[in-house]
Amino acid sequence: MKALAKYTDALAEATLEHGGVIYDTPDNRETIQALRHHQLVFHLDEDLPHVQVSRVVGDLMAHVTQSYQRQASSGAVSDLVRELQNVVESYFVARDNGATDDASRKLIEAQEVIASLINTLQAIVVRFTYYIHNCFSTVSDIDLRILENRRALDEAGNINRLLDTLTPSYLMQLARFSRELQYLLTKILARSLSRLRANLVDALHRLTDNLAKLQNDKEVQRQNHVIDAWLQHYERNPRYTPGEDILDEAHGRSPSLFRVEPLEIRAHPAIDDPSQREGLDELAENALRRLEPGALTDSNVSTERVEVIDQRGAEEVEPEDPLEQALEWFFEALPTLVTQQPISAIDAYYKLDVEEPLDFWMLALWESYNMRLENGEDVVPVELTERQMGTYDGTRLVEDIVFSLERHHAA
Amino acid sequence: MSYDPRFAAAIEGLLRGEVLCPVSAKEAHEYLSTLEGQDRVSHYLAEIGHGLEQTRDGSGYYCVYLDTESRGVRHRIRHQFESAVRDWEALLRWLRLSRQASPSSQPLKVKDVVRESEWLAAIENSSMMQEELEVIATRFQVQSQSRDAKVRLRHLLEKLCKLGYLVAIDSSGAIYQATGKWSLLQDQLEFVMAREGIVAEEREAALNEPRQEGLFLGTS
């Protein structure tokens, strides 16, 4: 006690300003020697140029100066709870054995442990309140702030879980039939625990909010850095485009650069399926919505209402091709006409007033004739009016196709 | 196997190249946030050489090519990269503009709400922001006959909706919400800037500081 009183300044300076160490300087040598003698400091390593102030002394200094550099943790609370259980157990053993003095001492001890427990919990809650209000402002790095906040949350969570076990029924069970212990445990301790619990839960919520805010701040910081860095880069290098070799480096590291190209999925609605009516209506509505306002009136598209009739299943007669029709008529009339005189394809072309060009008619007629021949139909003999082309040897120009029975009969 | 509309919506969205987030595809995102959903979708995609990925902030899911050795896939990846890179400057300028236009002075991120009226009020009060809006429109090749900031802003908002960065959340098209595609952009930009050694000026100055100090001390 005398050593503590004598070296208070040195110990306070060490615990509050030098992280709990006293430097081994010529000025401090005598102090260190005296404190070591009373086991108030110790050498962590003989090679280190300082001695470490003992933890109990540090805690005492922190408590006296109200600085919470070295704070009680959930571990300390847990130790105190265990200690309380042991003291209470010892009290009952002493009382049951009739050791009244020992029982009284254990009761005082229990009182001290309970006071210590309440005090430790209060200190922790105060520390959390400090964190919440300062948002770890003493720490400049945002990552470290997040880490500190997480630790505080873990700590608060641990204490909360510990307090879960100290239910009124458990404390009642611990106190058994001892009126003194019932008073200490179920009144004094239970009342304080209830109040501290409420503060702790509040602190947990606020710390969670703080953490979310810090994480958001960190994301914003990160995003701002990306925006500013890139835009400065674009200003310095206006034509900059990242090279494709980045993709080789990104392999296995940044999947964001390997995003798939949109896969176009085309589907055709079954228009006969009434269940797809809704989808079809939606498609039509979207298509109409895409048109610029007035697009329909500006174009030549009529906006008049058109009545739509369901023609599914109806039969529609397809108009025959005029050329096909003329050929049909020609071959139908040919057997009769040819009995009177030979029939020229060119004459027929003009008589039938065929719309297609003459060469089309001639080729179609020749093709139709050959097809009928192939089909084994009874056809009128034909003769090609042709002449040799002067320029190209062997090439013959067909001038007309004449259907005649005369040559057939002669043959 | 029975038909599961959430599975179908997730697969279809992913194959369309979308980033599925709580804003763009709430149900599909919820489904992908379950272990069962992730497992089923990953297995399905793996069979066609694709994989399921998540943005770093966890806000969105997207589909990637797994077989990056195939020539056809490499071509598609290159094509996709080239087309993404073309928009980067305009998107970054838009993010800087969002920082100026938002009441919190924070750049746009997933789930943020963009109210056309608020942005317009901020832009109309600042000639610098109007100029920036014009630059963004040019970079995006959003041509407009009108020099009116309102028309230009509307065109840009529509463009961003088309690109999947915003979703209109009211029928009049005056209120939008940011999607998880901004998170994907952030991931891409961060990777490329780290590879290319792109740093902001103040950070660059901080990195050079010890060397400059060394010059003064003559220890360089």
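Residues numbered from 1 in each chain as written. Chains lettered and ligands numbered in written order. Predicted model: local features only at pLDDT ≥ 70, side-chain atom pairs only at ≥ 80, totals over all residues. Heavy atoms only, no water.

## Notes on a nonpolar patch on the surface
All names here are of chain A.
- On the surface, a cluster of nonpolar side chains totalling about 270 Å² of accessible area is made up of Phe42, Leu44 and Leu48.
- Within the secondary structure layout, Leu48 lies in the loop between β2 (41-42) and β3 (50-53).
- The exposure class assigned to Leu48 is partly exposed, which follows from its relative accessible area of 31%. (Patch = residues over 30% accessible without salt bridge, like charges linked within 9 Å, V, L, I, M, F, W, Y side chains within 5 Å. Areas by Shrake-Rupley, 256 points an atom, 1.4 Å probe, with all protein chains shown as cover. Salt bridge = Lys/Arg side-chain N within 4 Å of Asp/Glu carboxyl O. Helix = DSSP H or I, 4+ residues; strand = E, 2+ residues; numbered from the N terminus. Buried < 20%, exposed > 50% of the residue type's maximum accessible area, 1.4 Å probe, protein only.)

## Quick word on the nonpolar core
- Ranked by internal contacts, the top residues of the largest apolar core, which has 74 residues, are Trp230 of chain A together with Val41, Trp88, Trp94, Leu166 and Trp182 of chain B.
- Beyond its immediate sequence surroundings of up to four residues, Trp88 of chain B is in contact with Trp230, Tyr234 and Pro242 of chain A together with Phe81, Leu185, Gln188, Leu189 and Val192 of chain B. (Core = buried A, V, L, I, M, F, W, Y, C linked by side-chain atoms within 4.5 Å. Contact = heavy atoms within 4.5 Å.)

## Things to note about helix α13 (residues 322-337) of chain A
All names here are of chain A.
- Taking 1.5 Å of rise per residue, the 16 residues of α13 would be expected to cover 22 Å, and the 21 Å separating its terminal C-alpha atoms lies within 8% of that figure.
- What α13 keeps buried is the set Leu323, Ala326, Leu327, Phe330, Phe331 and Leu334.
- Buried residues along α13 sit against β4 (343-344), α14 (345-351), α15 (358-374) and β6 (396-403). (Expected span 1.5 Å × (residues − 1).)

## A word on the sheet that holds strand β4 (residues 166-168) of chain B
Residue and element names in this part refer to chain B.
- On the basis of which strands lie adjacent, the open sheet formed by three strands has the order β3-β5-β4 and antiparallel pairing. Edge positions in the open sheet fall to β3 (113-115) and β4, since each of these has one partner strand only. Put simply, the sheet's adjacent strands are angled 30° from each other on average, direction ignored.
- As defined by bridge partners, β4 adjoins strand β5 (residues 175-178) across three bridges and the pair is classed as antiparallel. Of the residues in β5, the one forming a bridge with Leu166 is Ala178.
- In this fold helix α5 (residues 116-124) packs onto β3 and β5, with an angle of close to 60° to the strand it touches most, β3.
- Where helix α7 (residues 149-162) meets the sheet, its contacts fall on β3, β4 and β5, and the angle it forms with β4 comes to roughly 110°. (Pairing = 2+ DSSP bridges. Axes fitted to C-alpha atoms, helices over the stretch in contact; angles between N-to-C directions.)

## Notes on the interface of chain A and chain B
- Listed per partner, the contact involves 40 residues of chain A and 52 residues of chain B.
- When the two sides are added together, the surface that chain A and chain B hide from each other amounts to roughly 4800 Å², 59% of it contributed by carbon and sulfur.
- Where chain A packs against chain B, one counts seven salt bridges.
- Its salt-bridge partner being Glu249 of chain A, residue Arg195 of chain B comes within 3.5 Å of it at the nearest N-O pair.
- Broken down by secondary-structure element, the contributors of at least two residues to the side of chain A that touches chain B are α9 (179-236) and α10 (245-250) of chain A.
- Ranked by residue count, the leading element in the side of chain A that touches chain B is α9 of chain A, at 18 residues.
- Looking at the side of chain A that touches chain B, its residues break down into 18 nonpolar, eleven polar and eleven charged. (Buried area = accessible area lost by both parts, 1.4 Å probe. Nonpolar A, V, L, I, M, F, W, Y, C, P; charged D, E, K, R; others polar.)

## Things to note about the packing of helix α8 (residues 168-175) of chain A against α9 of chain A
All names here are of chain A.
- Where α8 meets α9, the closest approach of the two axes is 8 Å, and the angle between their N-to-C directions is 160°. The pairing of α8 with α9 is recorded here as roughly antiparallel in orientation. In the crossing of α8 with α9, the sense of the turn from one axis to the other is right-handed. Across the interface between the two elements, Leu171, Met172, Leu174 and Ala175 from α8 touch Leu181, Gln182, Leu185, Thr186, Leu189, Ala190 and Leu193 from α9. (Parallel < 35°, antiparallel > 145°, perpendicular 65-115°, else oblique. Left-handed = near helix turned anticlockwise from the far one by under 90°.)

## A closer look at the sheet that holds strand β5 (residues 382-388) of chain A
Residue and element names in this part refer to chain A.
- The strand order across the open sheet built from three strands is β4-β6-β5, with neighbouring strands paired in antiparallel fashion. Looking along the sheet, the strands with just one partner apiece sit at the ends: β4 and β5.
- Pairing between β4 and β6: two bridges, direction antiparallel. If you follow Ser344 over to β6, its bridge partner there is Val402.
- Along the sheet face, α15 touches β5 and β6 and points at about 60° away from the line of β6.

## Quick look at the confidence of the model for chain B
- Summary statistics for chain B give a mean pLDDT of 88 and a share of 90% for residues scoring 70 or more.
- Predicted confidence for residues 210-220 of chain B stays below pLDDT 50, and this span has three contacts to residues more than four positions away or in other chains. (pLDDT = per-residue confidence, 0-100.)

## Concerning the environment of Ala10 of chain B
Residues and elements named next belong to chain B.
- Among the structural elements, Ala10 can be located in helix α1 (residues 5-15).
- Spatially, the C-alpha atom of Ala10 lies 7.8 Å from that of Tyr31, the residues being 21 residues apart in sequence.
- Here Ala10 is in contact with Leu20, Ala28, Tyr31, Leu32 and Val41, once residues within four sequence places are set aside.

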